[in-house]
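# A closer look at the structure
Okay, here's what each chain looks like letter by letter:
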Amino acid sequence: MGAGGRMTAKEVSFHTVGGHNPLDRSPTEKSPFTLSQIKKAIPPHCFKRSVIRSFSYVVSDLFFAGLFLYLALAVIPKLPQVLGLAAWPLYWAAQGCVLTGVWVIAHECGHHAFSDYSLLDDVVGLVLHSALFVPYFSWKYSHRRHHSNTGSIERDEVFVPKNRAALAWYSKYLNNPPGRVLTLAVTLTLGWPLYLAFNVSGRAYPRFACHFDPYGPIYSDRERAQIFISDAGIMAASYAVYRIAASYGFWWLVRVYGVPLLIVNAWLVLITYLQHTHPALPHYDSSEWDWLRGALATMDRDYGVLNKVFHNITDTHVAHHLFSTMPHYHAMEATKAIKPVLGKYYQFDGTPLLKAMWREARECIFVEPDEGSEQKGIFWYRKDI
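Everything numeric here is computed off the predicted structure, so don't read it as measured data. (Residues numbered from 1 in each chain as written. Predicted model: local features only at pLDDT ≥ 70, side-chain atom pairs only at ≥ 80, totals over all residues. Heavy atoms only, no water.)

## Describing the packing of helix H9 (residues 224-248) against helix H10 (residues 250-276)
Running from N to C, H9 and H10 point in directions that differ by 120°, and their axes come no closer than 7 Å. The angle between H9 and H10 falls in the class oblique. Contacts from Val 241, Ile 244, Ala 245 and Tyr 248 of H9 reach H10 at Phe 250, Trp 252, Leu 253 and Tyr 257. By residue class, the composition of the contact of H9 with H10 is 8 nonpolar, no polar and no charged. (Axes fitted to C-alpha atoms, helices over the stretch in contact; angles between N-to-C directions. Helix = DSSP H or I, 4+ residues; strand = E, 2+ residues; numbered from the N terminus. Parallel < 35°, antiparallel > 145°, perpendicular 65-115°, else oblique. Contact = heavy atoms within 4.5 Å. Nonpolar A, V, L, I, M, F, W, Y, C, P; charged D, E, K, R; others polar.)

As structure tokens, this is what we get:
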């Protein structure tokens with residue numbers, strides 16, 4: 001795919017599924033339907049939240065997390081050394097995936113999609129996110145602004161693409177296979193903490209922005225008290241981790257908790273990256289952007305069995321951006337209902353995960369309008385630096 005945004009015939013035939021080529025550009029015209037018309041297509045029960053059902057997913061995830069922890073502590077040490085060395089990566093992968101599901105439930109709390117009670121949502125979200133070293137309220141507010149400004153190159157909060165002029169001087173030296181491997185490795189391992197601590201890949205602010213700073217430019221005066229609560233949650237989690245490390249040892253903690261947490265962070269970055277980074281997705285400046293077009297500029301993906309482990313945040317993301325207070329356990333039904341209404345405005349790409357990640361890293365380097373187009377406020381990904 002070159003600067004003109006075209007794939008080779010071989011690539012097109014590989015990615016075309018069911019007569020639809022996911023690399024065909026998303027429509028950018030104002031949609032012929034309204035948000036209320038989309039909502040009417042969804043069965044009303046899909047918007048109902050159940051405390052019991054929501055908590056059943058919390059209990060299920062924590063049960064499996066506890067089971068995997070038990071196997072790591074009680075079974076793996078008794079295995080022969082060779083089998084034990086092979087078993088630890090399996091534990092890390094399984095535990096990392098389950099804890100990503102826990103993260104998703106806390107994310108749902110931040111959208112008030114867990115229950116009908118805001119206080120309950122915030123208590124559950126604060127506990128679960130703090131245990132995963134996420135500042136719950138800090139992320140809740142910045143993430144809501146992402147939902148309010150999706151697809152805007154001026155106001156979106158995360159994975160905001162750069163134009164050619166804004167690329168770092170070293171970008172051209174990384175635009176090759178070894179450079180992409182390095183970029184992806186750094187992004188997946190450090191991307192999440194760098195975003196929280198330094199707003200890396202986030203929108204530009206007039207001064208230093210940090211999710212842990214109650215007085216930072218990300219937050220308004222009425223939000224600052226809750227940012228302090230988020231920081232207190234992180235401090236409590238840090239103290240608990242310190243006490244565990246003091247009792248059982250630092251490397252014990254790394255094996256049991258640290259590596260799975262790194263995997264959680266990697267999944268969060270990868271899921272978000274692939275939801276909002278794709279050759280078919282447009283970005284808009286203020287001359288073209290509106291909320292509905294921005295919300296539709298996101299991509300559903302297929303993660304196989306992990307769709308269920310991740311509570312379908314992967315393959316129902318379009319519906320989530322349209323109706324973020326809808327609980328995840330209704331999102332599949334809602335997605336099926338809205339597809340006929342959205343038609344070509346619905347975006348799905350079933351490309352295998354690793355191939356999709358590599359393709360996006362190769363093709364989606366910066367954005368600019370089409371050369372000669374009158375639509376100067378609509379930006380598409382390019383790869384030729």
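## Section: a nonpolar patch on the surface
Nonpolar side chains collect at one region of the surface, where Phe 63, Phe 64, Leu 67, Tyr 70, Leu 71, Val 75, Leu 79 and Leu 83 lie side by side and expose about 690 Å² of accessible area between them. For the nonpolar patch, the leading source of residues is helix H3 (residues 51-75), giving 6 residues. Inspection of the secondary structure puts Leu 79 in the loop between H3 and helix H4 (81-110). A residue is classified by how much of its surface remains accessible, and Leu 79, at 31% relative accessible area, is partly exposed. (Patch = residues over 30% accessible without salt bridge, like charges linked within 9 Å, V, L, I, M, F, W, Y side chains within 5 Å. Areas by Shrake-Rupley, 256 points an atom, 1.4 Å probe, with all protein chains shown as cover. Salt bridge = Lys/Arg side-chain N within 4 Å of Asp/Glu carboxyl O. Buried < 20%, exposed > 50% of the residue type's maximum accessible area, 1.4 Å probe, protein only.)

## Some words on the UniProt feature "domain: Fatty acid desaturase" (unreviewed entry) in the protein chain
Residues annotated by UniProt as "domain: Fatty acid desaturase" (unreviewed entry) correspond here to residues 87-347. As annotated, residues 87-347 has a helix share of 60% and a strand share of 2%, and its two end C-alpha atoms lie 38 Å apart. (UniProt positions renumbered as here; feature names shortened; annotations may be inferred.)

## Concerning the side chain of Arg 293
Of note, Arg 293 is situated in helix H11 (residues 291-296). Take Arg 293: its relative accessible area is 8%, and that puts it in the buried class. Beyond its immediate chain neighbours, meaning those up to four positions away, Arg 293 contacts Thr 28, Glu 29, Lys 30, Tyr 284 and Glu 288.

## Regarding the environment of Ser 373
Position of Ser 373 among the secondary structure elements: in the loop between strand E4 (366-368) and strand E5 (378-382). For Ser 373 and Ser 230, which are 143 residues apart along the polypeptide, the C-alpha to C-alpha distance reads 46 Å. Within the local environment of Ser 373, its side chain forms a polar contact with the backbone nitrogen of Gln 375, the two atoms lying 3.0 Å apart. (Polar contact = N/O pair within 3.5 Å; in protein donor to acceptor, adjacent residues only side chain to side chain.)

## Some details on the packing of aromatic side chains
Enumeration according to the criterion identifies 24 aromatic pairs in this entry. Between Phe 64 and Phe 68, the aromatic rings sit 6.4 Å apart at their centres with planes inclined by 40°, giving tilted as the arrangement. Of this pair, Phe 64 and Phe 68 both sit in helix H3, 4 residues apart, roughly one helical turn. Under the relative-accessibility criterion, Phe 64 is labelled partly exposed at 37%. (Phe/Tyr/Trp six-rings, centres within 6.5 Å; stacked < 30°, edge-to-face > 60°.)

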